[in-house]
Amino acid sequence: MQAVIMAGGKGTRLAALTKDEIPKPMVEVAGKPLLLWQVERLKDHGITDILMVIGHLGEKIQEFFGDGERFGVRIRYFVEETPLGTAGSFYYLKDMVEETFFMMSGDLFFDIDFGRMLAFHEKKKAAATLFVHPNGHPYDSDLLVLDEDDRVRKFDSKHNTRDYWYENCVNAGIFVFNRKICDRVPEPVKRNLENDVIQGMIQDGESVYGYRSPEYVKDVGTVDRIQQTLKDIERGFIAEKSLSRKQKCIFLDRDGTINQYRGLVYKEEDFELEPCAVQAVKRINQSGRLGIVITNQPVVARGLCGIEDVENIHRKLSSLLGKEGAFLDDILFCPHHPDKGYPEENPAYKIPCECRKPKTGLVEQAAEKYNIDLSASWMVGDTTIDIQTGINAGMRTALVLTGEAGKDKKYDVTPDLVCRDLLEAVEKILEMD
């Protein structure tokens, strides 16, 4: 398998470290150049054919890596005599790349399971796959809008006036491409990968997908970001988040746990976070554990609203958390309800299913997608249904005394923890683990 690293940036934001004596991708991180970290992670996943696109001070990169033999890989170079942006070099690369190849920016620090991303790309028969994830500042990030099949429908520029709720879905800068993408740059001129190439593919109906992953990918193009990455390396945070390793997750109920309980919430104006929710989710983010919502939303089956309305409420949830620097790794919901007889009910969703809690369909879906060790994970909620779900899935459980506070009495169960609210539950879970 092959990877192309775009390593030609000048890196003016890192001038205090590079002093214009080394190219940005050669900045030292924890004792070795950033590019060496990338090469080592690629090699770990069997990607040993590497093509580096270099420019400013590129000779420093060539001097250090040579042909790559001493690092156990094969490295070739394309030298941009004049800057061609993030995609202009595709004109020259079409005869140098394989049918399918990875591409990444040279200023990223990452540790991801490339095999999973490639399997997703192949399953979707995609022309292009973008690694996407939530971050702690979606309000000033370029976002992607994906459909229910993870197909990219459009870009949402950070310069847009966002008077709407949005999903925290950020392009991380790692891609899988079919070689035909090079045909979109028919002449050697400066081109922007996202704006000029990928958006053109979307507009032309080509299959562009977003691969959602909680793994560690960070742009270290500033001194502050390098300092944060150093801290993450020291505490083992980065390697542990690779999906090649089993993950720990704190699964969260929604109504009455994250947001205030108001019966069946089907209007966005009725959705309001619990006072402790932001801090609780931040603590999950900081711990390295996944935070995933699993929620029953029978409002669809009862005909109170549609799927899009539930998804808009979830965009509100993501937006509210994101404004405060917190994020969820995923939100999964069941729209079904087995009991018939409501006047406005939607018969398409009035069916028995495997995704409605306390059944474990959604939990199992998340476990497969994110390689979660359920025996090392928790379910947190405000009802005995949530506790029974956790027990059925082989997890430990925490009941919070917000929302229904276990008064539903639908199941005779005993949680491992009983906590005042979500924040106390998260703190106790982290203390125990």
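Per chain, residues are indexed from 1 in the order of the written sequence. Since the coordinates come from a predicted model, pLDDT governs what is reported: local features require at least 70, and pairs of side-chain atoms require 80 or more to be given and counted, while whole-chain, interface and lining totals use all residues. Only hydrogens and water are set aside when side-chain values are computed; all heavy atoms of the structure are taken into account.

In the nomenclature of an unreviewed UniProt entry, the protein chain corresponds to HAD-IIIA family hydrolase from the organism Enterocloster hominis.

**Student:** Any chance you could explain the overall build of the protein chain here in plain terms?
**Tutor:** Scanning the protein chain from N- to C-terminus turns up 13 helices and 19 strands. Its C-alpha atoms give the protein chain a radius of gyration of 23 Å, near enough to 22 Å, the size a compact globule of 433 residues would have. Along the longest, intermediate and shortest principal axes, the C-alpha atoms of the protein chain span 70 × 45 × 35 Å. Working definition: with a 1.4 Å probe on protein chains only, accessible area under 20% of the residue-type maximum means buried, over 50% means exposed, and in between means partly exposed. In the protein chain, buried positions account for 56% of the 433 residues. Here a residue-residue contact requires only that any non-hydrogen atoms of the pair lie within 4.5 Å. Here the contacts in the protein chain between residues at least 6 apart in sequence split such that 71% fall between residues at least 24 apart. Computed with a 1.4 Å probe, the accessible areas rest on the Shrake-Rupley method; for each residue, only the protein chains presented here act as cover. Here the protein chain has roughly 18,700 Å² of accessible surface; of this, 46% comes from carbon and sulfur atoms. A helix here means a DSSP run of H or I that spans at least four residues, while a strand means a run of E at least two residues long, and both kinds are numbered starting from the N terminus. All radius of gyration figures rest on C-alpha atoms, and the globule criterion is 2.2 Å times the number of residues raised to 0.38.

**Student:** So what exactly am I meant to see when it comes to the packing of helix H9 (residues 277–287) against helix H13 (residues 422–432) here?
**Tutor:** The relative placement of two packed helices comes down to the angle between their axes together with the axis-to-axis distance. Lines fitted to the C-alpha atoms define the axes, with helices restricted to the stretch that makes contact. Angles between their N-to-C directions range from 0 to 180 degrees. For the pair H9 and H13, interaxial distance at closest approach is 8 Å and the crossing angle is 20°. One element, H9, and the other, H13, form an angle in the roughly parallel class. As for how H9 packs across H13, the hand of that crossing is left-handed. For the pair H9 and H13, contact is made by Gln 279, Ala 280, Arg 283, Ile 284 and Ser 287 and by Leu 422, Leu 423, Val 426, Glu 427 and Leu 430, respectively. Residue classes follow a fixed rule: Ala, Val, Leu, Ile, Met, Phe, Trp, Tyr, Cys and Pro count as nonpolar, while Asp, Glu, Lys and Arg count as charged, and any other residue, Gly among them, counts as polar. For the contact of H9 with H13, the per-class residue count stands at six nonpolar, two polar and two charged. Should an angle fall under 35 degrees it is taken as roughly parallel, and over 145 as roughly antiparallel, whereas 65 to 115 is taken as roughly perpendicular and any remaining angle as oblique. Here a crossing is called left-handed whenever its near helix is offset anticlockwise from the far helix by less than a right angle, and right-handed whenever the offset is clockwise.

**Student:** Just checking my understanding: could you explain the pattern of salt bridges for this structure?
**Tutor:** Opposite charge on two side chains allows them to pair when their charged atoms are near. Salt bridges, as used here, are contacts in which a Lys or Arg side-chain nitrogen is within 4 Å of a carboxyl oxygen on Asp or Glu. Evaluation of the coordinates by the stated rule reveals 29 salt bridges. Arg 212 is paired through a salt bridge with Asp 150; the nearest N and O atoms lie 2.7 Å apart. Separated by 62 residues along the polypeptide, Arg 212 in strand S12 (residues 208–212) and Asp 150 in the loop between strand S9 (143–146) and strand S10 (152–156) bring together distant segments of the chain. Arg 420 is paired through a salt bridge with Asp 421; the nearest N and O atoms lie 3.9 Å apart. With relative accessibility at 53%, the residue Arg 420 sits in the exposed group. Taking relative accessible area as the criterion, Asp 421 reaches 15% and is therefore assigned buried.

**Student:** Mind showing me how you'd approach the nonpolar core here?
**Tutor:** Inside soluble globular proteins, nonpolar side chains tend to come together where they are buried. Definition used in this section: a nonpolar core is a set of buried Ala, Val, Leu, Ile, Met, Phe, Trp, Tyr and Cys residues joined via side-chain atoms within 4.5 Å. Of all hydrophobic cores here, the largest spans 55 residues; its most connected members are Met 52, Phe 65, Ile 174, Phe 251 and Ile 372. Per element, the largest residue contribution to this core is five residues, and it comes from helix H11 (residues 361–370).

**Student:** Mind showing me how you'd approach helix H6 (residues 193–203) here?
**Tutor:** Side chains three or four residues apart in an α-helix point the same way, a direct result of the helix having 3.6 residues per turn. Among the residues of H6, those classed as buried are Leu 193, Val 197, Ile 198, Gly 200, Met 201 and Ile 202. Of the surrounding elements, those touching the buried residues of H6 are helix H4 (90–93), strand S6 (100–105), strand S8 (128–133), S10, strand S11 (170–178) and S12. By the N-cap criterion, in which a side-chain oxygen at the helix start approaches the backbone nitrogen of a residue two or three places on, H6 is capped by Asn 192, the distance to Glu 194 being 3.1 Å. Two residues or fewer past H6, Gly 205 is found with a positive phi of approximately 80°. Counted as a polar contact is a pair of N or O atoms within 3.5 Å, where, for protein atoms, one must be capable of donating a hydrogen and the other of accepting one, and residues adjacent in sequence contribute only when both atoms are in side chains.

**Student:** Teacher, can you tell me more about the environment of Gln 260 here?
**Tutor:** Assignment of secondary structure puts Gln 260 in the loop between strand S14 (249–252) and H9. For Gln 260 and Ser 213, which are 47 residues apart along the polypeptide, the C-alpha to C-alpha distance reads 28 Å. If sequence neighbours within four positions are ignored, Gln 260 has contacts with Glu 272, Leu 273, Glu 274 and Pro 275.

**Student:** What is the right way to look at unusual backbone geometry in this model?
**Tutor:** Following Lys 357, the chain continues to Pro 358 via a peptide bond in cis, the omega torsion being 15°. Mapping Pro 358 onto the fold places it in the loop between strand S16 (330–334) and H11. Its identity as a non-glycine residue notwithstanding, Ala 30 has a phi of 55°, on the positive side. Its place among the elements puts Ala 30 in the loop between strand S2 (28–29) and strand S3 (32–33). At Asn 371, a residue that is not glycine, the phi angle is positive and equals roughly 55°. Mapped onto the elements, Asn 371 comes out in the loop between H11 and strand S17 (378–381).

**Student:** Sorry, what's going on with the side chain of Ser 377 here?
**Tutor:** Within the secondary structure, Ser 377 is located in the loop between H11 and S17. A polar side-chain atom of Ser 377 sits 2.8 Å from the main-chain carbonyl oxygen of Asp 373.

**Student:** Would you take a moment to explain helix H5 (residues 114–124) for this structure?
**Tutor:** When H5 is considered as a whole, its buried residues turn out to be Phe 114, Met 117, Leu 118, Phe 120, His 121 and Lys 124. The buried residues of H5 occupy an angular sector of 155° when the element is viewed end-on, so they sit on one face. Summarising the geometry of H5, the exposed residues directed more than 90 degrees from the buried face are Glu 122 and Lys 123. Buried positions along H5 lie against helix H2 (34–44), S6, strand S7 (108–111), S8, S11 and S12. Comment: arc refers to directions from the helix axis out to C-beta atoms.

**Student:** In this structure, what is going on with the side chain of Asn 285? I would like to understand it.
**Tutor:** Within the secondary structure, Asn 285 is located in helix H9. Asn 285 gets classed as buried once you look at its relative accessible area, which sits at 12%.

**Student:** Is there a simple way to explain the sheet that holds S16 in this structure?
**Tutor:** Sheet strands pair by backbone hydrogen bonding; their relative direction is either parallel or antiparallel. Strands are treated as partners if at least two bridges between them are detected by DSSP. Here six strands make up an open sheet; going across it, the order is S16-S15-S14-S17-S18-S19 and the pairing parallel. Of all strands in the sheet, those bounded by a partner on one side alone are S16 and strand S19 (417–419). Strand-to-strand twist across the sheet, computed as the mean angle between neighbouring axes with direction ignored, equals 20°. Across three bridges, strand S18 (residues 396–400) lies against S19 in parallel orientation. From the neighbouring strand, Val 400 faces S19, where its bridge partner is Cys 419. Lying over the sheet, H11 contacts S14, strand S15 (290–296) and S16, oriented at roughly 150° with respect to S16.

**Student:** Help me out: how do you make sense of the packing of aromatic side chains in this one?
**Tutor:** Each aromatic ring pair is specified by the distance between its two centres and by the angle formed by the two planes. Here a pair means two rings of Phe, Tyr or Trp (six-membered ring of Trp) with centres within 6.5 Å. Their orientation is stacked below 30 degrees between planes, edge-to-face above 60, and tilted elsewhere. With the rule as written, the count across this model stands at 16 aromatic pairs. Between Phe 65 and Phe 71, the ring centres sit 5.3 Å apart and the planes meet at 55°, which makes this aromatic pair tilted. No difference in accessibility class separates Phe 65 from Phe 71, as the two residues are buried. An aromatic cluster is defined as three or more aromatic residues linked by ring pairs; in this entry it consists of Trp 37, Phe 109, Tyr 216 and Phe 237. Counted as over-ring charges are cases with an Arg CZ or a Lys NZ within 6 Å of the ring centre that also lie within 35 degrees of the ring normal. Its guanidinium or amino end placed over the ring of Trp 37, Lys 32 lies 4.2 Å from that ring's centre, counting from NZ or CZ. The aromatic ring of Phe 64 is capped on one face by Arg 70, whose charged end is 5.3 Å from the ring centroid.

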